[in-house]
Amino acid sequence: MPVRTYDVTERVFTAMQTLDITSLAGYPEHEIRPVLPSLVRMSLLSPLDNTEGSMESRKQILAVLIGIEVVNSIVSYLQVNYHELENDLKKELQTRQKNSAANFMDAQQQQQQQPQPEYGLQSGIALGFERADVARKVRVVLSEIFNLQQQLTNANAGGSGSGSESKAATATTNNAGSSSGGGSSPTTATLLQATHSEMLDDGIYLEEVVDILCIALAELPSLLNILELTDALVQVPNGYRIVCALVANFPDCYRDVVSHVIANCDEEAADGKQRLLLLMSLSEMNPSQALANRSMCVEMLKVPSFMLKLALKHPDDLIAFLTGLLLGNDQNLRSWFALYIRTSQKRKGDALNLVRVELLQKIVRITSKAAELKDFNLQGAVLLRLYCALRGIGGLKFNDDEITALSQLVTSCPKATPSGVRFVTLALCMLIACPSLVSTIQLENKAVEWLQWLIREDAFFCKRSGSSSSLGEMLLLLAIHFHSNQITAISEMVCSTLAMKIPIRPNSTNRIKQLFTQDLFTEQVVALHAVRVPVTPQLNGTIPGYLPVHCIHQLLKSRTFLKHKVPIKSWIFKQICSSVRPVHPVMPALVEVFVNTLIIPNPTGKISIDHMHRPFTELEILHVFRTSPLTFFAEELQSESSDELAQVEVSCPLTSQLLMIYYLMLYEDTRLMNLSALGGRKQKEYTNNFLSGLPLKYLVQKAHQYHSDYLSLFHPLLRLIISNYPHLSMVDDWLEEHYLGGSSSLQHVNHELKLELLERALNMLKAKPQLAIRIFKRLLQLPPESLAQYAPKLVEHLPHVFAKDVPRYVKDLYNDLWLRLNAVLPTTFWLMSLRAITRSADSMSNRRSFGNESLLEPMDVLACPRQVFCSPYMLVILLRILKGSLAASKTYLNVHMQQKQVLDKNGLVQTDADREELKTTLIASQESAAVHILLEVLEHMDSKASSRVALLELREIQGIIGSYVHQAFITEPSLAKLVHFQTYPKSVIPMIVASVPSMHICIDFVHEFLNVTEMDKQIFTIELTSHLVLNYSIPRSLGVSKFCLNVIQTTLSLLTSSAKCKFLRHVLPSMVRFVETFPILAEDCVNILMNTGRSLHSQSSLGVTTMQMPLTESAKLCSYRDAQLHINMIEDAFKVLVEAVMQKAELY
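Every chain is numbered on its own, with residues counted from 1 as its sequence reads. Local features in this predicted model are restricted to residues whose pLDDT is 70 or higher, and side-chain atom pairs enter the listing and the counts only when it is 80 or higher, whereas totals over whole chains, interfaces and linings include all residues. Think of the side-chain values as coming from all heavy atoms in the structure, minus any hydrogens and water.

Visitor: In this structure, what is going on with the overall build of the protein? I would like to understand it.
Guide: Counting its regular elements, the protein contains 66 helices and two strands. Taking all 1148 residues of the protein together, the buried fraction comes to 52%. A separation threshold of at least 6 residues defines the contact pool for the protein, and within that pool the share at least 24 residues apart is 75%. Areas reported here follow the Shrake-Rupley algorithm with a probe of radius 1.4 Å; residue values treat only the protein chains shown as occluding. Accessible surface for the protein amounts to roughly 53,500 Å². Of this, 52% is attributable to carbon and sulfur atoms. Here a strand is any run of E in DSSP of at least two residues, a helix any run of H or I of at least four, and the numbering for each starts at the N terminus. Here the term buried applies to any residue with accessible area under 20% of the maximum for its type, exposed to any over 50%, and partly exposed to those in between, with areas from a 1.4 Å probe on protein chains only. In this analysis, two residues are considered to be in contact whenever any of their non-hydrogen atoms come within 4.5 Å of each other.

Visitor: What is the right way to look at the packing of aromatic side chains in this model?
Guide: For any two aromatic rings, the description comes down to two numbers: the centre-to-centre distance and the angle of the planes. Two rings from Phe, Tyr or Trp (for Trp, the six-membered ring) form a pair when their centres are within 6.5 Å of each other. A pair whose planes differ by under 30 degrees is stacked, one over 60 is edge-to-face, and the rest are tilted. Taken as a whole, this structure holds 21 aromatic pairs when the rule is applied. Taking the centre distance of 6.1 Å and the plane angle of 25 degrees together, the rings of phenylalanine 337 and tyrosine 340 count as stacked. Residue phenylalanine 337 and its partner tyrosine 340 are located together in helix α23 (residues 331-347), separated by three residues, close to a single helical turn. A relative accessible area of 2% means that phenylalanine 337 is categorised as buried. Judged by its relative accessible area of 5%, tyrosine 340 is buried. Between phenylalanine 802 and tyrosine 873 the ring centres are 5.3 Å apart and the planes differ by 10 degrees, which places this aromatic pair in the stacked class. Placement of phenylalanine 802 in the loop between α50 (798-801) and α51 (808-822) and of tyrosine 873 in helix α56 (residues 872-899) is noted, with a sequence separation of 71 residues between them. The burial state of phenylalanine 802 is the same as that of tyrosine 873; both residues are buried. Grouping aromatic residues by their ring pairs yields a cluster made of Phe573, Phe594, Phe616, Tyr663, Tyr667 and Tyr686. Both a distance and an angle decide whether a charge sits over a ring: NZ of Lys or CZ of Arg must be within 6 Å of the ring centre and within 35 degrees of the ring normal. The ring of phenylalanine 321 carries arginine 294 above its face, with NZ or CZ at 4.0 Å from the centroid. One Lys or Arg, lysine 1017, reaches over the ring of phenylalanine 981 and ends 4.0 Å from the middle of that ring.

Visitor: When you look at the pattern of salt bridges in this model, what are you seeing that I'm missing?
Guide: Here the idea is simple: oppositely charged side chains can pair when their charged atoms come close. The salt bridge criterion pairs a side-chain nitrogen of Lys or Arg with a carboxyl oxygen of Asp or Glu, the two atoms within 4 Å. The final tally for this structure, using the stated rule, is 27 salt bridges. Across the salt bridge formed by arginine 33 and glutamate 207, the nearest N and O atoms sit 3.4 Å from each other. Highlighted residues: arginine 33 in the loop between α3 (29-32) and α4 (36-44) and glutamate 207 in helix α15 (residues 206-219), separated in sequence by 174 residues. By relative accessible area, arginine 33 is classed as buried at 6%. The class for glutamate 207 is partly exposed, based on a relative accessible area of 24%. The partner of arginine 33 in a salt bridge is aspartate 211, and the shortest N-O contact between them spans 2.6 Å. Within this pair, whereas arginine 33 is found in the loop between α3 and α4, its partner aspartate 211 is found in helix α15, the two being separated by 178 residues in sequence.

Visitor: Just to check I follow, could you spell out the packing of helix α26 (residues 400-410) against helix α28 (residues 441-456) for this structure?
Guide: The relative placement of two packed helices comes down to the angle between their axes together with the axis-to-axis distance. Where α26 meets α28, the closest approach of the two axes is 10 Å, and the angle between their N-to-C directions is 10 degrees. The orientation of α26 with respect to α28, classified from their angle, is roughly parallel. Remark: the crossing between α26 and α28 carries left-handed chirality. Along its contact with α26, which presents Ile403, Ser407, Gln408 and Val410, the element α28 presents Leu443, Lys446 and Trp450. Here, axes are lines fitted to C-alpha atoms. For helices the fit covers the stretch in contact, and angles between N-to-C directions go from 0 to 180 degrees. Geometric relationships in this document are graded by angle, where less than 35 degrees denotes roughly parallel, more than 145 denotes roughly antiparallel, 65 to 115 denotes roughly perpendicular, and other angles denote oblique. Handedness of a crossing follows from how the near helix is turned relative to the far one, being left-handed for an anticlockwise turn of less than a right angle and right-handed for a clockwise one.

Visitor: In this structure, what is going on with the packing of helix α20 (residues 290-300) against helix α21 (residues 304-312)? I would like to understand it.
Guide: Following both chains from N to C, one finds α20 and α21 inclined at 150 degrees, their axes separated by 9 Å at the closest point. One finds that α20 runs roughly antiparallel with respect to α21. You can see that α20 and α21 cross each other, and the crossing is left-handed. The residues of α21 that touch α20, namely those facing Ala290, Asn293, Arg294, Cys297 and Val298, are Phe306, Met307, Leu310 and Ala311.

Visitor: So what exactly am I meant to see when it comes to helix α27 (residues 418-433) here?
Guide: Since the α-helix turns once every 3.6 residues, residues separated by three or four places project in the same direction. Helices are assigned an expected span. That span is 1.5 Å times one less than the residue count. Taking 1.5 Å per residue as the helical rise, α27 with its 16 residues ought to reach 22 Å, and the 22 Å between its terminal C-alpha atoms agrees with that figure. Of all 16 residues in α27, 13 are buried; the element is thus mostly enclosed.

Visitor: Help me out: how do you make sense of unusual backbone geometry in this one?
Guide: Backbone phi values are negative for most residues with the exception of glycine, while trans is the configuration of most peptide bonds. Cis geometry is found at the peptide bond from arginine 581 to proline 582, where omega equals 0 degrees. As for its position among the elements, proline 582 is in the loop between α36 (569-577) and α37 (586-599). Of note in this structure, glutamine 538 is not a glycine but carries a positive phi near 55 degrees. Assessed through its relative accessible area of 44%, glutamine 538 is described here as partly exposed. Although it is not a glycine, threonine 983 adopts a positive phi angle of roughly 65 degrees.

Visitor: Can you help me understand the environment of proline 784 in this one?
Guide: When you line up the elements, proline 784 lands in helix α48 (residues 784-787). Separated by 39 residues in the primary sequence, proline 784 and alanine 823 place their C-alpha atoms 7.9 Å from one another.

Visitor: Honestly, a positive patch on the surface in this entry has me stumped. Any pointers?
Guide: Any residue with relative accessible area above 30% and no salt bridge may belong to a patch, with like charges joined within 9 Å and the nonpolar Val, Leu, Ile, Met, Phe, Trp and Tyr side chains within 5 Å. His is not counted here, nor are the chain ends, while Lys and Arg score as positive and Asp and Glu score as negative. A single reference atom marks each charge: NZ on Lys, CZ on Arg, CG on Asp, CD on Glu. Judged by side-chain charge, Arg760, Lys768, Arg774 and Arg778 come together as a positively charged surface patch. The exposure class assigned to arginine 778 is partly exposed, which follows from its relative accessible area of 37%.

Visitor: So what exactly am I meant to see when it comes to the confidence of the model for the protein here?
Guide: Predicted coordinates in regions of low pLDDT should not be interpreted in detail. The predictor's confidence in any single residue is recorded as pLDDT, a number from 0 to 100. Per-chain confidence: the protein averages 80 in pLDDT, with 82% of residues scoring 70 or above. A low-confidence stretch, residues 632-639 stays under pLDDT 50, and its non-local contacts, those more than four residues away or across chains, total 19 contacts. Across residues 742-746, where pLDDT falls below 50, the model places two contacts with residues more than four positions away in sequence or in other chains.

Visitor: What am I meant to see in the environment of leucine 217 here?
Guide: Its place among the elements puts leucine 217 in helix α15. Taking the C-alpha atoms as reference points, leucine 217 and leucine 229, separated by twelve residues in sequence, lie 9.6 Å from one another. If we ignore the near neighbours within four places in the chain, the residues touching leucine 217 are Leu224, Asn225, Ile226, Leu229, Leu246 and Phe250.

Visitor: Even after reading the chapter, I still don't get helix α52 (residues 826-838), so can you show me in this structure?
Guide: For α52, which comprises 13 residues, the first-to-last C-alpha distance of 18 Å matches the rise-based estimate of 18 Å (1.5 Å per residue) to within 8%. Within the sequence span of α52, burial applies to Pro826, Thr827, Thr828, Phe829, Trp830, Leu831, Met832, Ser833, Leu834, Ala836, Ile837 and Thr838.

Here's what the structure looks like:
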């Protein structure tokens, strides 16, 4: 019987889905034969609704069935008593389940050795089925299905290894499975043998089996499930036809059956081919669901062969689909499909071969019509990326036909359009990623000719054709990397251009490397051509691709320009001027490499270099800053300019200035670090006056303000400035700048103020302060660069603004203005402020400059009139300048020692401990002198403070000076030891201890000062210690207090009467403070007082001293009188101790 005629056609299934009876009536009888069971059942069952439409449909079905002879037999199957049959089948299933595990081995042996009558048929299944009645036929078919399901279950149980019987069954069938070949597992072999069915294997009974199963599925839903039927029937040869017929009769189950088969399909299993055959039959039966079925395969990561065959049914979508699989975001999907490609090549799978043939035809088609196709560049680029993914990710090995076609496609010559540049860029990357494209001499010559065409074609090589980067730059960069043998960099560039991660092995790039380095681009050709490539206009970090800056950076890094004597300074300068924000990440690296080649042209010494690059001149640097409104601060800026510089336009002043500042900072830092490596070679040095005219601090603040735009530049620039210019990056400045920037809720306005109006407001401060308040508020709204033009006039009136009779609110506003101007160009502004404060501009200008910029010596800063220190606002400004000058002084001394190095007779740097010690001593003396001057200011104000206003001013000045001293002690703790060793006025001790929180560190070393033999230092130390322990009553303070009392007792026992009285007069208040802090010391203090009092009384009574001969009568009288005075002082000390300590209720 020709069973193929029984297949369900597409139009029949479509008509069954929509129940289009009219269409079914027009189809031939053999075509609608598989769906007759459903039609017969619909015609015989009573409808749920008796509407006119329903009755009309039923009449149409009956009209279709009239005249078909087989309908009568189908009707007879509907007349079976399925309720009774269901009960019998349930009993049979229970019996099967009980006996299946125990008798599985016996049943296998009996079936193999001696066949028994089955299902009550004495003449065998086939002949008995023909002779049986209708009910028996239904019973036989269902029993055969149940037998299949049970055998399938037993085989699966045996494969899982559960139960001793299953293991035994598996072991028994192991030999039979191995003899069947193909490397099948024991479970698979058992399944192949178990699923033999005489009735289902033959197509003769196919129609009747389908009829019975269709009706049974509808009548026995509790026993039969179409998904379970599918798993059982797929094991027999004609099972896929039966399943297709069942699905055609129940079209609503189509998606469930397909998803179930896909989820349980394993192409390598024994039933894999049968399941694939079933899936293809179901897809041919319903081609409209091909894309949905393909999506299910992708979601489940199952049946890739079926997925590819479905994709071939939509060839227009094939490339996009494959590209999505290999280049999508799903890593699991990519790995799964790549594994299939690798394994399918070994098995020579038909689905993958069909796809390769289709793709090859597409390549041939578009290459043959390249001139006619408008979208050739787009189609070619997509195919190139797909084949690169197949080769790099899927591991596909190209055959000869594919290599020939791809070579023809890669070496195409498109027009110079953006899409053409993109196509050629991908083709170039494919040549590197797929070395098989240059595997023969013919292919290699073809690739060389194509690359030479690219070099000759100016439209590709130099111009950008509307795109962000040109192919010429990429060719240059590839050649540079090949010359330096940086295969990793080439791999990264190819992968980023192709937008995929593919492996590129070094040994696979040897041939293409030889083409680049020997046939196309020698080192000299690369260097000469790179300089002629125009700079990238408006270069910023958002421009993708490979740009000229990449090529120049790599050539500088490899010292190629130096080897071939190619000047590069002009190109780098133009690119800096053409840079805009956000800054390109390669630009800082380019500047760094350029500086390294200037200072260290030959770090390894492997190559001979005669040519030297030249650093930027002052004129070139000033050209970048010419548009800045802040350069008026620089007093010695040159105004000359050349015609060549005038033609260079600065695109973004801020970006170019930041890059140039980074160059200057890095140049000076590298030069100082490599002075010994220069070997006496004279290197250009930028003068201090030149550097002082550049707004370094302002530019750093701008970079911080636009931090995201200058991310790659801000951090290295800040590091260099902190290291070499600490006075421009002080913590107080950063904090106050942040406060001023965050507290101002007003937007910066550009409405500039007339200078005459500011002059008028400053002259009328006392008469009309409201005018100054209004003007100052307007100035605070201006940005710093606009505010800078008013700096000379503002600073000129600084002493008048801080006069005593000026309102405090005006002073606060002026102080904010000073801080804003201090953030622009602090060093020059400090000099202007000092001139205004001292009112002697001539004498200030005659003092020598100091530091890397025009800074004053720290002691010159404090050489101001006394009234300056009595003004809190001017004192704050003075201390700010003092901090900066001290920080700059340290840096200057370090730089001076580096520049004036001492060399031994071999030319090596000799360490000089004496010079280092002198430097440390000088820095310490400057810092300690500054602290002593400020402490003397406190003493002077304390002596003059008589009124309430003077006391308030003293309190404010004390806080300002105490804050400065505290920061100085925290920064350098050894300074605290030095200052106290040198001592200062004792009247200042209480104020310093109260206003300097870090004074507690003195407790650690104050006992060392007591070993000094000078009485004044001992008295100072004891008084300092008493105030310290009064403020810091910690356990260590108790030990120091005891030590002080011991020193007092010892000293009193050794001194003469006059010295003893002097010493006692100064230490008695300190002893009271010791006892007040630690009452436990009261007994020691009382003993000291008692012993000293007795000693003084005895000596005065005798009229002698411990070290002298008896005195004259007048001397005796004087000695007696002084002793009485000191005895009274001791008695007063007793009273104070009793009142201050002994009578405290807290002690008891």
